[in-house]
Amino acid sequence: MAEPGTHAAEAAADRGWRLRHLPVLLIASVLLAAAAAVAGGLARGADGALGAAAGVAVTAVSYTLTTVVLAWADARDPQLVLPFGLGVYIAKMTLLGGVMVLVASTGWPGLVPFALGIATGVVVWTGVHIWWLATVHARRVHT
């Protein structure tokens with residue numbers, strides 16, 4: 001078993017570990033946005049294509065923002081992760097709710113593809129993140 005503080009010292013020496021997964025997740029999001037645009041376009045035309053791709057983009061921006069803020073907070077003091085995480089979550093959900101209400105009030109035909117793009121983006125981001133943790137990150141930890 002490792003001595004207490006060993007992992008903390010290793011983490012401090014490797015500052016990039018908190019953001020190392022982002023490129024893979026962003027690439028997956030770009031590929032998903034392209035596929036969502038095609039599917040949205042086939043289902044609802046240009047509005048559907050724009051809505052679906054924008055939904056995936058909203059998810060990617062949201063998760064990237066959270067990752068960067070939490071990495072920053074954790075690098076400063078691990079006790080900052082909870083308050084900053086909750087604060088970012090509340091701000092994002094409030095903003096997203098406001099945007100959805102505004103978009104819904106316009107009657108824009110891309111609203112349903114937008115919502116589906118958000119949902120699909122969440123599922124894909126989460127799935128790719130789990131894959132990354134179980135394969136790439138697990139190999140680094142065990143070596």
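Right above here is the structure, for reference.
Here the structure is a predicted model, which is why all the values come from computation and not from measurement. (Residues numbered from 1 in each chain as written. Predicted model: local features only at pLDDT ≥ 70, side-chain atom pairs only at ≥ 80, totals over all residues. Heavy atoms only, no water.)

Asker: What am I meant to see in the overall build of the chain here?
Answerer: When you go through the chain residue by residue, the secondary structure sums to four helices and zero strands. Along the chain, helices (α) and strands (β) appear in the sequence α-α-α-α when read from the amino end. Relative to its full complement of 143 residues, the chain shows a buried share of 30%. Only carbon and sulfur atoms are counted for the fraction: they give 75% of the accessible area of the chain, which is about 8800 Å². (Helix = DSSP H or I, 4+ residues; strand = E, 2+ residues; numbered from the N terminus. Buried < 20%, exposed > 50% of the residue type's maximum accessible area, 1.4 Å probe, protein only. Areas by Shrake-Rupley, 256 points an atom, 1.4 Å probe, with all protein chains shown as cover.)

Asker: Would you take a moment to explain the packing of aromatic side chains for this structure?
Answerer: Given two aromatic rings, one states the distance between the centres and the angle between the planes to describe the pair. Overall, the coordinates contain two aromatic pairs when judged by the stated rule. Measuring from ring centre to ring centre gives 5.4 Å for tyrosine 63 and tryptophan 125, while their planes differ by 35 degrees; the resulting arrangement is tilted. Of this pair, tyrosine 63 sits in helix H2 (residues 22-76) while tryptophan 125 sits in helix H4 (residues 111-142); the two residues are 62 residues apart in sequence, bridging distant segments of the chain. Overall, tyrosine 63 belongs to the partly exposed group, its relative accessible area being 25%. (Phe/Tyr/Trp six-rings, centres within 6.5 Å; stacked < 30°, edge-to-face > 60°.)

Asker: Quick question: what am I supposed to make of the pattern of salt bridges here?
Answerer: Opposite charge on two side chains permits them to pair, given that their charged atoms come into close proximity. Evaluated as defined, the whole model comprises one salt bridge. Between aspartate 74 and arginine 18 there is a salt bridge, and its shortest N-O distance comes to 2.9 Å. Residue aspartate 74 is found in helix H2, and its partner arginine 18 is found in the loop between helix H1 (6-13) and H2; the two are separated by 56 residues along the sequence. (Salt bridge = Lys/Arg side-chain N within 4 Å of Asp/Glu carboxyl O.)

Asker: In this structure, what is going on with the environment of leucine 22? I would like to understand it.
Answerer: Note that leucine 22 resides in helix H2. Assessed through its relative accessible area of 8%, leucine 22 is described here as buried. Placed 41 residues apart in sequence, leucine 22 and tyrosine 63 show a C-alpha to C-alpha distance of 9.5 Å. Excluding residues within four positions of it along the chain, leucine 22 makes contact with Thr64, Thr67, Val68 and Trp125. (Contact = heavy atoms within 4.5 Å.)

Asker: I keep staring at the nonpolar core and nothing clicks. Help me out?
Answerer: A general tendency of soluble globular proteins is for nonpolar side chains to be buried together. Listed in full, the six residues of the largest apolar core are Leu22, Leu25, Ala28, Ala60, Trp125 and Val128. Secondary structure elements with two or more residues in this core: H2 and H4. Considering each element in turn, this core owes the most residues, four residues, to H2. Of all hydrophobic cores here, the second largest spans five residues; its members include Leu32, Ala33, Ala36 and Ala52. (Core = buried A, V, L, I, M, F, W, Y, C linked by side-chain atoms within 4.5 Å.)

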